[in-house]
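Single-letter residue listing:
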Amino acid sequence: MSFTVAPLPYAHDALEPHIDTTTMQIHHGKHHQAYVDNLNKAIAGTPNEGKTIEQLVAEAGSISPTVRNNGGGHWNHTFFWESMAPNAGGAPAGDLAAAIDAAFGSFDAFKEKFANAGITRFGSGWAWLIVKDGKLEVSSTPNQDNPLMDVADVKGVPILGADVWEHAYYLKYQNLRAKYLDAFWNVVNWTKVAERFGAAK
Ligand code: MN3
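Not measured: the values here are computed from a predicted model. (Residues numbered from 1 in each chain as written. Predicted model: local features only at pLDDT ≥ 70, side-chain atom pairs only at ≥ 80, totals over all residues. Heavy atoms only, no water.)

**A look at the sheet that holds strand β2 (residues 135-142)**
Two strands in a sheet stick together by hydrogen bonds in their backbones, pointing the same way (parallel) or opposite ways (antiparallel).
For step 1, the next point in the chain: Across the sheet, which stays open at both edges, the three strands sit in the order β2-β1-β3 with antiparallel pairing between neighbours. Edge positions in the sheet fall to β2 and β3 (157-163), since each has one partner strand and no second. On average, each strand axis in the sheet is tilted by 20 degrees relative to the strand beside it, whichever way the strands run.
For step 2, the next point in the chain: Pairing analysis gives six bridges linking strand β1 (residues 125-132) to β3, with the strands arranged antiparallel. Each bridged residue has a counterpart across the sheet, and for Trp 126 the counterpart in β3 is Asp 163. (Pairing = 2+ DSSP bridges. Helix = DSSP H or I, 4+ residues; strand = E, 2+ residues; numbered from the N terminus. Axes fitted to C-alpha atoms, helices over the stretch in contact; angles between N-to-C directions.)

Right, here's the structure in full:
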């Protein structure tokens, strides 16, 4: 059984003008596809073939760097596409909104903390909103690591993630990672994030 890249849950141009069409085409069709191709190549004929992506990610500390990087890349990007939607953004509601206020003081304070996690992540990586011991926390990881990995500095269940690799924003925002993260709020699928929050609590 080999891994495959699922089709985007919306059209490549659906997140315009916040995330441009060409970036989505290259990011989903080339970058995510390359992680999956390299992952399949690396696990072929090994005991890791047949494991789920969740199993591989959980064992990140004891698998090869190639499987860790490309397996993380596959899990993270699948999660990222579903974290966004057209006609989305705005603010969360209900239990999630209350939990964000409780953990960070306000929605604006949360957004600032999340953006800061992405901006201060040196090089390439991810910013996350996670559930840890029933509470919300913001964290970041390098490369294609994520908070589900046994090697993560801060472990938890991710409910929102932002890709801060340059390939996620360079065509439209060039070096301005902060501007990209500011635009990201317009495409966050809070319905999906709330659903993940409900499952993770
Ligand atoms: Mn990426």
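**Side note on helix α1 (residues 21-43)**
For step 1, the next point in the chain: With 23 residues, α1 should cover 33 Å at 1.5 Å per step; its first-to-last C-alpha distance of 32 Å lies within 8% of that length.
For step 2, the next point in the chain: At His 27, α1 is bent by approximately 30 degrees, the largest bend along its length.
For step 3, the next point in the chain: Regarding α1, the residues found buried are Thr 21, Thr 23, Met 24, His 27, His 28, His 32, Tyr 35, Val 36, Leu 39, Asn 40 and Ile 43.
For step 4, the next point in the chain: Against α2 (53-58), α3 (65-83), β3 and α6 (170-173) lie the buried residues of α1. (Expected span 1.5 Å × (residues − 1). Bend = angle between axes of the 7 residues up to and from the residue. Buried < 20%, exposed > 50% of the residue type's maximum accessible area, 1.4 Å probe, protein only. Contact = heavy atoms within 4.5 Å.)

**Description of the pattern of salt bridges**
For step 1, the next point in the chain: This structure, assessed with the given rule, holds four salt bridges.
For step 2, the next point in the chain: A salt bridge links Asp 95 to Lys 201, with the shortest nitrogen-to-oxygen separation between them at 3.4 Å. With Asp 95 in helix α4 (residues 94-104) and Lys 201 in the segment after α8 (190-200), the pair connects residues that are 106 residues apart, well separated along the chain. Side by side, Asp 95 and Lys 201 carry an identical accessibility label, which is exposed.
For step 3, the next point in the chain: Note that Glu 195 and Lys 192 form a salt bridge whose closest N and O atoms lie 3.2 Å from each other. Of the two residues, Glu 195 and Lys 192 are both situated in helix α8; the distance of three residues between them amounts to about one turn of the helix. (Salt bridge = Lys/Arg side-chain N within 4 Å of Asp/Glu carboxyl O.)

**Topic: the coordination of the manganese ion**
Note on metal geometry: ideal angles are 109.5 degrees for four donors arranged tetrahedrally and 90 or 180 degrees for six donors arranged octahedrally.
For step 1, the next point in the chain: Protein ligation of the manganese ion involves His 27 (NE2), His 77 (NE2), Asp 163 (OD) and His 167 (NE2), the donor distances falling in the range 1.9 to 2.1 Å.
For step 2, the next point in the chain: The exposure class of His 77 is buried, given its relative accessible area of 0%. (Donors = N, O, S within 2.8 Å, 3.2 Å for Na, K, Ca; no water.)

**Quick word on the packing of α1 against α3**
For step 1, the next point in the chain: The interhelical angle for the contact between α1 and α3, taken along N-to-C directions, is 145 degrees, at an axis separation of 8 Å. Along this stretch, α1 crosses α3, giving a crossing that reads as left-handed. For the pair α1 and α3, the contacting residues are Met 24, His 27, His 28, His 32, Ala 34, Tyr 35, Val 36, Asn 38, Leu 39, Ala 42 and Ile 43 in the first and Thr 66, Val 67, Asn 69, Asn 70, Gly 71, Gly 73, His 74, His 77, Thr 78, Phe 80 and Trp 81 in the second.
For step 2, the next point in the chain: Residue composition of the contact of α1 with α3, by class: ten nonpolar, twelve polar and no charged. (Left-handed = near helix turned anticlockwise from the far one by under 90°. Nonpolar A, V, L, I, M, F, W, Y, C, P; charged D, E, K, R; others polar.)

**Overview of unusual backbone geometry**
For step 1, the next point in the chain: The omega angle of the peptide bond from Glu 16 to Pro 17 is 0 degrees, so this bond is cis rather than trans.
For step 2, the next point in the chain: Within the secondary structure, Pro 17 sits in the segment before α1.
For step 3, the next point in the chain: Here the phi dihedral of Asn 143 falls at roughly 55 degrees; this positive angle occurs in a residue that is not glycine.
For step 4, the next point in the chain: With respect to the helices, strands and loops of the structure, Asn 143 is situated in the loop between β2 and β3.

**Considerations on the nonpolar core**
For step 1, the next point in the chain: Formed by 55 residues in total, the largest nonpolar core has its most connected members in Phe 110, Phe 114, Leu 136, Leu 160 and Trp 190.
For step 2, the next point in the chain: Broken down by element, this core gets its largest block of residues, six residues, from β1.
For step 3, the next point in the chain: Beyond its immediate chain neighbours, meaning those up to four positions away, Trp 190 contacts Gly 89, Gly 90, Ala 91, Pro 92, Leu 96, Ile 100, Phe 107, Phe 110, Leu 160 and Trp 185. (Core = buried A, V, L, I, M, F, W, Y, C linked by side-chain atoms within 4.5 Å.)

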